[in-house]
Amino acid sequence: MFDINKITRKNVLKMEPYSSARDEFKGIANTWLDANENPYKNQFNRYPDPLQIEIKNEIGKLKGLKKEQIFIGNGSDEAIDLLLRAFCEPQINKVYIYPPTYGMYEVSAAINNIEVVEIPLAEGFDLPALETYSAKLEAGGLVFICSPNNPTGNTLNQSKIKELMNAFEGIVVIDEAYIDFSFEDSAIKLLNEFPNLVVLQTFSKAWGMAGLRLGMAFANKDIISIMNKIKAPYNINSFSQAEVLKSIKSEDIVLSQIESIKKERNSLMTKLSKLNFVLDVYPSESNFILVRFENANEVFQKLLARGIVIRNKSSQIKGCLRISIGTEKENTNLINELKKINNEESIIYR
Ligand SMILES: *Cc1c(COP(=O)(O)O)cnc(C)c1O
């Protein structure tokens with residue numbers, strides 16, 4: 001049985017959260033003398049809503065969730081850090097990750113002095129069968145699943161994820177930063193069935209708001225209320241709150257951008273696979289493609305010299321570079337330069 005008191009750090013259960021002026025009085029008034037703000041009006045002289053209720057109402061409508069099931073963070077990275085600080089006792093509980101995956105889980109665990117257990121992905125960068133690693137899973141702590149996975153681009157098998165959520169006596173976090181580019185449904189639909197599930201999404205990728213720093217966590221209300229208890233009081237600034245509300249209201253623009261990016265992704269994959277120094281173009285349900293080259297480091301350096309920056313993942317995955325999907329023009333530029341590099345290379349190597 002899921003018991004929030006069993007999995008939460010003892011100091012977090014015991015502590016009294018900071019109570020801000022805006023927590024203590026939320027009603028309507030005409031004279032605000034409670035927060036030591038400068039009274040002369042400009043766009044930003046007042047503190048922002050600490051719980052971002054307007055945003056949560058809008059996101060709730062989009063995702064079919066109550067606002068008590070939604071946490072808004074200063075990027076998903078804040079949510080990742082808070083989950084570790086709330087639900088992992090340093091040197092006792094562990095974090096389980098499936099490399100190759102997003103680097104922040106490990107970094108954030110290290111900052112929090114929490115041991116990381118690596119369970120490498122299996123064939124096709126999918127989850128291994130649970131019985132092959134279930135002996136490693138201790139009660140408590142966090143599992144991080146990234147689906148679609150960064151940097152491989154594929155989604156992970158949902159029935160294996162469900163099996164894990166049933167077996168694991170801690171919290172399972174599914175990071176869905178790229179879900180808007182995927183054919184798979186969000187794990188949000190599983191929240192009612194699995195009280196130990198946390199789903200992360202972000203405004204940084206499909207939504208085009210990376211600069212605002214806004215991440216979301218969806219979970220049962222007990223988990224969300226612990227995250228709210230320990231977050232910085234005014235973690236989302238007024239500017240970001242206002243801008244994201246505008247962006248949610250013009251969702252149709254984002255939806256059409258997602259369609260263009262997916263179309264570009266398919267066309268880029270076809271063109272990449274025709275280059276003869278490309279060994280593999282991995283399937284992608286994200287806005288990037290993982291590509292294996294004969295000579296990844298040279299290709300990476302030569303692109304850099306031509307002013308094109310991609311991500312070198314070859315230390316994590318042999319021979320692999322990760323390419324974000326750009327505009328049609330940027331992608332054409334990339335392919336043209338790769339063709340030139342390919343021709344130079346074939347003179348050298350063949
Ligand atoms: C980009 C990315 C995020 C987003 O992080 P933000 O802090 O919200 O910008 C989260 N998870 C993964 C796997 C990512 O690739």
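Definitions and limits used
Residues numbered from 1 in each chain as written. Predicted model: local features only at pLDDT ≥ 70, side-chain atom pairs only at ≥ 80, totals over all residues. Heavy atoms only, no water. Near = heavy atom within 4 Å. Polar contact = N/O pair within 3.5 Å; in protein donor to acceptor, adjacent residues only side chain to side chain. Areas by Shrake-Rupley, 256 points an atom, 1.4 Å probe, with all protein chains shown as cover. Pairing = 2+ DSSP bridges. Helix = DSSP H or I, 4+ residues; strand = E, 2+ residues; numbered from the N terminus. Axes fitted to C-alpha atoms, helices over the stretch in contact; angles between N-to-C directions. Phe/Tyr/Trp six-rings, centres within 6.5 Å; stacked < 30°, edge-to-face > 60°. Lys NZ or Arg CZ within 6 Å of the ring centre and 35° of its normal. Contact = heavy atoms within 4.5 Å. Parallel < 35°, antiparallel > 145°, perpendicular 65-115°, else oblique. Nonpolar A, V, L, I, M, F, W, Y, C, P; charged D, E, K, R; others polar. Left-handed = near helix turned anticlockwise from the far one by under 90°. Buried < 20%, exposed > 50% of the residue type's maximum accessible area, 1.4 Å probe, protein only. Arc of directions from axis to C-beta.

### Examining the site of the ligand
- Of all residues adjacent to the ligand, which total 14 residues, the nearest are D175, Y178, T202, S204 and K205.
- In this structure, D77 approaches the ligand through a main-chain N or O atom, which is 3.2 Å from an oxygen atom.
- Summarising the interface, the protein chains cover 94% of the accessible area of the ligand, which totals 390 Å² for the free molecule.

### Concerning the sheet that holds strand β3 (residues 115–118)
- One open sheet accounts for seven strands, arranged β1-β7-β6-β5-β4-β2-β3; its pairing is mixed. Of all the strands in the sheet, just β1 (70–73) and β3 have a single pairing partner and so form its edges. On average, each strand axis in the sheet is inclined to that of its neighbour by 25 degrees, with strand direction left out of account.
- Taken together, the four bridges between strand β6 (residues 197–202) and strand β7 (residues 215–218) define a ladder with antiparallel strand orientation. The residue bridging L200 from the neighbouring strand is A217, located in β7.

### Examining the packing of aromatic side chains
- Counted by the stated rule, this structure contains 11 aromatic pairs.
- Ring centres of Y102 and Y105 lie 5.4 Å apart, and the angle between their planes is 80 degrees; this geometry places the pair in the edge-to-face category.
- Residue placement shows R322 over the ring face of F288; its charged tip is 5.5 Å from the ring centre.

### Considering the side chain of S182
- By the secondary structure assignment, S182 is in the loop between β5 (171–175) and β6.
- Looking at S182, its side chain comes within polar contact range of the side chain of E285, at 2.7 Å.
- Apart from the residues within four sequence positions on either side, S182 is in contact with P148, T155 and E285.

### Some details on the packing of helix α5 (residues 76–87) against helix α8 (residues 221–230)
- Put simply, α5 and α8 touch, their axes get as near as 10 Å, and they point 100 degrees apart. With respect to α8, the element α5 is oriented roughly perpendicular. From α5, A79, L82, L83, R85, A86 and F87 reach across to α8, where they touch I223, I226, M227 and I230.
- For the contact of α5 with α8, the class distribution of residues is nine nonpolar, no polar and one charged.

### Section: the sheet that holds strand β9 (residues 288–293)
- The strand order across the open sheet built from four strands is β8-β9-β11-β10, with neighbouring strands paired in antiparallel fashion. Each edge of the sheet is formed by a strand with only one pairing partner; in this case those strands are β8 (278–281) and β10 (311–312).
- Pairing analysis gives three bridges linking β8 to β9, with the strands arranged antiparallel. Considered in β9, the bridge of V281 is made with V291.
- Strands β9, β10 and β11 (320–324) of the sheet are contacted by helix α11 (residues 296–305), whose axis makes an angle of about 35 degrees with β11.

### Structural notes on the packing of α5 against helix α6 (residues 104–111)
- The contact between α5 and α6 brings their axes to 10 Å, and the two run at 45 degrees. The pairing of α5 with α6 is recorded here as oblique in orientation. Between α5 and α6 the crossing geometry is right-handed. On the side of α5, the interface is formed by D77, I80, D81 and L84, while α6 contributes M104, Y105, S108 and A109.
- Tallied by class, residues from the contact of α5 with α6 come to five nonpolar, one polar and two charged.

### Digging into helix α7 (residues 158–167)
- If you check which residues of α7 are buried, you get Q158, I161, L164 and M165. Burial along α7 is one-sided: seen end-on, the buried residues are contained in an arc of 115 degrees. For α7, the exposed residues lying more than 90 degrees away from the buried face are S159 and N166.
- Looking at the buried residues of α7, the elements they touch are β4 (142–146), β5 and β6.

Read these as spatial facts, not as claims about activity.
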